[in-house]
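One-letter residues, chain by chain:
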Amino acid sequence: MKIRVISIPVQDQEKALQFYTEKLDFVKKVDVPLSESNRWLIVVSREEQEGVEILLEPAPNHFEPAKIYRKALFDAGIPWTQFHTDNVQLEYERLINLGVEFSVKPTEMGTVKIAVFDDTCGNNIQIVEML
Amino acid sequence: MTPYLIEITRIKDICYANKGQINTVIGTRHYIDNHFDKDLSLDFLSNVRFTSKFHLLRLFKKYYGQTLRQYLIDKRIEQSKILLVRGTSVTDTCFEIGFESPSSFSTLFKSRVGLTPTEFQKKSNFHKA
């Protein structure tokens, strides 16, 4: 068994695609129309296009318990997904200049440095640099 | 302050209060990153950081969650992939990343990557083409 795809639930797929490609500089790899307005939408890191894929999945907005759970995580500032970077400070400055909002500024945590930003689609995302 | 920020501050105070230990393991990791192609023994690494080898082993595992040996092997395998994709031969790759025998390198590579170095190189050439 291999780890190939992880899902990030997003409130609006088109808005998420813009954020993940235009702000985070990820690359759209697969875009398959599914039922109604849903798509099988995969993005990958530009630096590692054969690496793990991210499925920008429509959040189950119609399912109340999931909606409450996601909002509670978001409001508490808890990131459920994290991406690796070689330099958190540089990435933080680059994203701040693009208007991305951070709830945790670059912070050293022992042997790593972290920061947390809002992906504008209902998720806190943590970026991590190994020191 | 969000609950997450409160929690990471709490964890930082509990787990990462000893700056000296953290500097030792970070320094060791950087040394491995810059010298992974050399013969790096535990005795040598502990001498570089002026600490006992068993203490260094414990600290590295405590802060990075893997042993020094695991980390060194991961680093070498990661670098070997870069060299193989560039077209370096399996034998040259083996010696450039600090392994002594192509057969032990191939066995280890296969156990970590799921392909032999030759298969990995062919596959990456296919993707490039």
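Cut-off values and rules
Residues numbered from 1 in each chain as written. Chains lettered and ligands numbered in written order. Predicted model: local features only at pLDDT ≥ 70, side-chain atom pairs only at ≥ 80, totals over all residues. Helix = DSSP H or I, 4+ residues; strand = E, 2+ residues; numbered from the N terminus. Rg over C-alpha atoms; globule rule 2.2 N^0.38 Å. Pairing = 2+ DSSP bridges. Axes fitted to C-alpha atoms, helices over the stretch in contact; angles between N-to-C directions. Contact = placed C-beta atoms within 7 Å. Expected span 1.5 Å × (residues − 1). Buried ≥ 20, exposed ≤ 12 C-beta atoms within 10 Å, placed from the backbone. Arc of directions from axis to C-beta. UniProt positions renumbered as here; feature names shortened; annotations may be inferred.

As recorded in an unreviewed UniProt entry, chain B goes by the name HTH araC/xylS-type domain-containing protein, listed as coming from Olivibacter ginsenosidimutans.

Going by an unreviewed UniProt entry, chain A carries the name Methylglyoxalase and comes from Olivibacter ginsenosidimutans.

## Re the overall build of chain A
Helix and strand counts for chain A stand at three helices and eight strands. When the elements of chain A are put in sequence order from the N terminus, they spell out β-α-β-β-β-α-β-α-β-β-β. Its C-alpha atoms give chain A a radius of gyration of 15 Å, near enough to 14 Å, the size a compact globule of 131 residues would have. Judged by the C-alpha coordinates and their principal axes, chain A covers about 45 × 35 × 35 Å.

## Considering the sheet that holds strand S6 (residues 102-109) of chain A
Residues and elements named next belong to chain A. Pairing within the open sheet is mixed, and its four strands lie in the order S5-S8-S7-S6. The sheet is open, and its two edges are formed by strand S5 (81-84) and S6, each paired on a single side. With direction set aside, neighbouring strand axes in the sheet form an average angle of 20 degrees. Note that strand S7 (residues 112-118) and strand S8 (residues 124-130) share seven bridges and pair antiparallel. Across the sheet, Val112 pairs through a bridge with Met130, a residue of S8. Each of S6, S7 and S8 is contacted by helix H3 (residues 88-97), which is oriented at about 165 degrees to S6, the strand it contacts most.

## Looking at helix H4 (residues 53-64) of chain B
All names here are of chain B. Over its 12 residues, H4 runs 16 Å from end to end, which matches the ideal 16 Å to within 8%, given 1.5 Å per residue. Inspection of H4 places Leu56, Leu59, Phe60 and Tyr63 among the buried residues, and these make up the whole buried set. Buried residues along H4 cover an arc of 100 degrees about the axis, so they all sit on one side. Buried residues along H4 sit in contact with helix H2 (19-35), helix H3 (42-48) and helix H5 (68-86). Directly beyond the C-terminal end of H4, a positive phi value near 75 degrees is found at Gly65.

## Some thoughts on the UniProt feature "domain: HTH araC/xylS-type" (unreviewed entry) in chain B
Per the UniProt entry, the sites bearing "domain: HTH araC/xylS-type" (unreviewed entry) are residues 26-123 of chain B in this numbering. From the first C-alpha to the last, residues 26-123 of chain B spans 35 Å; its make-up is 76% helix and 0% strand.

## A short note on the sheet that holds strand S3 (residues 39-44) of chain A
All names here are of chain A. The strand order S1-S4-S3-S2 describes an open sheet built from four strands, whose pairing is mixed. Edge positions in the sheet fall to strand S1 (5-10) and strand S2 (27-33), since each has one partner strand and no second. Neighbouring strand axes in the sheet, compared pairwise and without regard to direction, differ in orientation by 25 degrees on average. Two strands pair when backbone bridges link them, and S3 and strand S4 (residues 53-58) are joined in this way by two bridges, in the antiparallel orientation. The residue of S4 that forms the bridge with Ile42 is Leu55.

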